[in-house]
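# Observations on the three-dimensional arrangement
So you can see what is in the structure, the chains are spelled out below.
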Amino acid sequence: MSSSPAILPVTNQQAATQSQPPINSHAFRTFLSRLSSSLRESLSQRRPWLELVDRSSFARPDSLTDSFSRIRKNLAYFKVNYSAIVSLVLAFSLLSHPFSLLVLLSLLGSWMFLYLFRSSDQPLVLFGRTFSDRETLLALVLTTIVVVFMTSVGSLLTSALTIGIAIVCLHGAFRVPDDLFLDDQEPANAGLLSFIGNSAAASAAASAAASVVAARV
């Protein structure tokens, strides 16, 4: 009497792969938490808007040197308010150009879901081909260069930033900073680069993204 052959267990690898989350939820939650806490901390240092637009504090600068001195002091004092103004100009420019906004959102989504927050144990498979992390990073960098420098998106961002920084510099040059009291940790000679570098959203996003890239490369 012949015995029936043993039945080997079969694992549905496709179902197991599909059950994995498309992104690293822990890294994504960490990024959102870091961004949220950084924004709250930055907004807590915001100066009153009425103080920013106090008409009695405006006067024509005596010289170009006086203008630069006022801009440096006002940048150190109103840096959060100025960041909000530049962000509003950028947002208005993008909302008035829906196609550029869609392109930027698509590019941001590609970075987030294809590289930054994709699970490291889940390879990227497109059109039946598996791409390594380095290949994915190279493709995203090249795509970003094309989008920013070879389309209207780059000129739109440049013009919006130029307008925002011009508004900030114009206000800083005419706002008399004699009644401003800087904290000890905020030097009066803080320049424009310091103002740009103190953007809460940019610093939080950059630190989180840098840690993810460093872990992958």
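Under an unreviewed UniProt entry, the name given to the chain is PRA1 family protein, and the source organism is Arabidopsis arenosa. Under the UniProt heading Sequence similarities (unreviewed entry), the entry covering the chain gives this text: "Belongs to the PRA1 family." The record held by UniProt for the chain lists under Function (unreviewed entry) the comment "May be involved in both secretory and endocytic intracellular trafficking in the endosomal/prevacuolar compartments."

Secondary structure summary: the chain contains ten helices and two strands in total. Element order for the chain, N to C, with α for helix and β for strand: α-α-α-α-α-α-β-β-α-α-α-α. Counting all 217 residues of the chain, 29% fall into the buried class. Counting contacts in the chain only where the partners sit at least 6 residues apart, residues at least 24 apart contribute 85% of the total. Here the chain displays about 14,300 Å² of accessible surface, and carbon together with sulfur accounts for 66% of that area.

Attention shifts here to the confidence of the model for the chain. Model confidence for the chain is summarised by a mean pLDDT of 77, while 68% of its residues fall at 70 or above. Scored below 50 in pLDDT, residues 8-20 makes two contacts in the model with residues more than four places away or belonging to other chains. Overall, residues 188-193 carries pLDDT values under 50, and its contacts beyond four positions in sequence, including any with other chains, amount to ten contacts.

Attention now moves to the packing of aromatic side chains. For the structure on display, the rule yields three aromatic pairs. Centroid distance Tyr-77 to Phe-78: 4.8 Å. Interplanar angle 90°. Geometry classified as edge-to-face. Residue class for Tyr-77 comes out buried when judged on its relative accessible area of 8%. Look at Phe-78 and you get buried, because its relative accessible area is 0%. Members of the aromatic cluster, each reached through a chain of ring pairs, are Tyr-77, Phe-78 and Tyr-82. The positively charged end of Arg-47 is found above the aromatic ring belonging to Tyr-77, 4.0 Å away from the centroid.

Let us look at the packing of helix H6 (residues 98-116) against helix H7 (residues 133-149). The geometry of H6 relative to H7 is characterised by a closest axis approach of 11 Å and an angle of 170° between their N-to-C directions. On the basis of their axis angle, the class for H6 and H7 is roughly antiparallel. Facing H6, whose interface residues are Val-103, Leu-107, Ser-110, Trp-111, Leu-114 and Tyr-115, H7 presents Asp-133, Thr-136, Leu-137, Leu-140, Val-141, Thr-143, Thr-144 and Val-147. The residue makeup of the contact of H6 with H7, split by class, is nine nonpolar, four polar and one charged.

Attention now moves to the side chain of Thr-136. With respect to the helices and strands, Thr-136 occurs in helix H7. Given a relative accessible area of 4%, Thr-136 falls into the buried group. A polar atom in the side chain of Thr-136 sits 2.9 Å from the backbone oxygen of Ser-132. What Thr-136 contacts, discounting residues up to four positions off in sequence, is Leu-114, Tyr-115, Arg-118, Leu-124 and Phe-131.

A separate point is the UniProt feature "transmembrane region" (unreviewed entry) in the chain. UniProt tags residues 76-95, 101-117, 137-170 and 190-215 as "transmembrane region" (unreviewed entry). The annotated region residues 101-117 carries 94% helix and 0% strand content, and the separation between its end C-alpha atoms amounts to 22 Å. As annotated, residues 137-170 comprises 94% helix and 0% strand, and the C-alpha atoms at either end are separated by 40 Å.

Below, the discussion takes up helix H5 (residues 79-95). Here H5 spans 24 Å end to end across 17 residues, near enough to the 24 Å set by a 1.5 Å rise per residue. If you check which residues of H5 are buried, you get Lys-79, Val-80, Asn-81, Tyr-82, Ser-83, Ile-85, Val-86, Val-89, Ser-93 and Leu-94.

Rules behind the numbers
- Residues numbered from 1 in each chain as written.
- Predicted model: local features only at pLDDT ≥ 70, side-chain atom pairs only at ≥ 80, totals over all residues.
- Heavy atoms only, no water.
- UniProt positions renumbered as here; feature names shortened; annotations may be inferred.
- Helix = DSSP H or I, 4+ residues; strand = E, 2+ residues; numbered from the N terminus.
- Buried < 20%, exposed > 50% of the residue type's maximum accessible area, 1.4 Å probe, protein only.
- Contact = heavy atoms within 4.5 Å.
- Areas by Shrake-Rupley, 256 points an atom, 1.4 Å probe, with all protein chains shown as cover.
- pLDDT = per-residue confidence, 0-100.
- Phe/Tyr/Trp six-rings, centres within 6.5 Å; stacked < 30°, edge-to-face > 60°.
- Lys NZ or Arg CZ within 6 Å of the ring centre and 35° of its normal.
- Axes fitted to C-alpha atoms, helices over the stretch in contact; angles between N-to-C directions.
- Parallel < 35°, antiparallel > 145°, perpendicular 65-115°, else oblique.
- Nonpolar A, V, L, I, M, F, W, Y, C, P; charged D, E, K, R; others polar.
- Polar contact = N/O pair within 3.5 Å; in protein donor to acceptor, adjacent residues only side chain to side chain.
- Expected span 1.5 Å × (residues − 1).

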